[in-house]
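Report on the structure
Each chain is listed here by its residues.
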Amino acid sequence: MTIALLPLAYGYLRDDLLCDRDSHSSEDRLRDTARSLGYELGTVFREPPPQNGTLPPAFVDLVHECRRAAAHAVITLRGHMSDMSVCRMVLLAVLDVRAGAVVHEV
């Protein structure tokens, strides 16, 4: 019996945009979305505040992990890659160029 594995996706959340009670439900939402898109959700990278001047540390870890695991999908909640000192377009470009990853915002 052969079991097909789903391709891997990673999650990305900013803690400053979540309430304590939303933390687990947000990860569940990412997991459900990943499955509906045909992925298995791996680690959810969580960005602590503040996000300033440089690429956010958890985002950098996310890019490295996508490259290492050859994962080509990132799932995040709408707005979690916006309103930081590094603009959203730069973050999306880094994921695309460095990891070949596409971002799905839900």
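So, a few notes on the structure that sits alongside this text. (Residues numbered from 1 in each chain as written. Predicted model: local features only at pLDDT ≥ 70, side-chain atom pairs only at ≥ 80, totals over all residues. Heavy atoms only, no water.)

Section: helix α3 (residues 88-99)
Each α-helix winds once per 3.6 residues, and so residues spaced three or four apart point in a common direction. Here α3 is 12 residues long and its end C-alpha atoms lie 16 Å apart, about the 16 Å a rise of 1.5 Å per residue gives. Where α3 is buried, its residues contact α2 (57-69), β3 (73-76) and β4 (102-105). (Helix = DSSP H or I, 4+ residues; strand = E, 2+ residues; numbered from the N terminus. Expected span 1.5 Å × (residues − 1). Contact = heavy atoms within 4.5 Å.)

Considering unusual backbone geometry
The backbone of Ala 70 shows a phi angle near 55°, a positive value even though the residue is not glycine. Tracing the chain through its elements places Ala 70 in the loop between α2 and β3. Even without glycine at this site, Asp 83 takes up a positive phi of about 60°. By the element assignment, Asp 83 lies in the loop between β3 and α3. Taking the relative accessible area as the measure of exposure, Asp 83 reaches 77% and is therefore exposed. (Buried < 20%, exposed > 50% of the residue type's maximum accessible area, 1.4 Å probe, protein only.)

Notes on a nonpolar patch on the surface
On the surface, a cluster of nonpolar side chains totalling about 500 Å² of accessible area is made up of Met 1, Ile 3 and Leu 5. Summarising the element assignment, Leu 5 is placed in the segment before β1 (8-14). (Patch = residues over 30% accessible without salt bridge, like charges linked within 9 Å, V, L, I, M, F, W, Y side chains within 5 Å. Areas by Shrake-Rupley, 256 points an atom, 1.4 Å probe, with all protein chains shown as cover. Salt bridge = Lys/Arg side-chain N within 4 Å of Asp/Glu carboxyl O.)

Some words on the pairing of β3
Burial of the side chains of β3 extends over both faces: Ala 73 and Ile 75 are buried on one face and Val 74 and Thr 76 on the other. For β3 and β4, the ladder comprises 4 bridges, and the chain directions are parallel. Bridged to Ile 75 within β4 is His 104. Taken together, β3, α3 and β4 constitute a β-α-β crossover, and its handedness is right-handed. (Pairing = 2+ DSSP bridges. Right-handed = clockwise from strand over helix to strand, strands pointing away.)

Observations regarding the packing of α2 against α3
In the contact formed by α2 and α3, the axes pass within 9 Å of each other and the chain directions differ by 25°. Classified by the angle their axes make, α2 and α3 are roughly parallel. Here α2 runs over α3; the crossing is right-handed. In contact with Phe 59, Leu 62, Val 63, Cys 66 and Arg 67 of α2, α3 contributes Leu 91, Val 94, Leu 95, Arg 98 and Ala 99. Considering only residue class, the contact of α2 with α3 consists of 8 nonpolar, no polar and 2 charged. (Axes fitted to C-alpha atoms, helices over the stretch in contact; angles between N-to-C directions. Parallel < 35°, antiparallel > 145°, perpendicular 65-115°, else oblique. Left-handed = near helix turned anticlockwise from the far one by under 90°. Nonpolar A, V, L, I, M, F, W, Y, C, P; charged D, E, K, R; others polar.)

Some words on the sheet that holds β3
As summarised here, the arrangement of the 4 strands in space is β2-β1-β3-β4, forming an open sheet in which the pairing is parallel. Sheet topology places β2 (40-47) and β4 at the edges, where each strand pairs with a single neighbour. Neighbour-to-neighbour, the strand axes of the sheet open up by a mean angle of 25°, direction not taken into account. One ladder, built from 6 bridges, connects β1 with β2; its direction is parallel. Bridged to Leu 13 within β2 is Arg 46. Strands in contact with α2 are β1, β2 and β3; relative to β1, the strand with the most contacts, it is inclined by about 180°.

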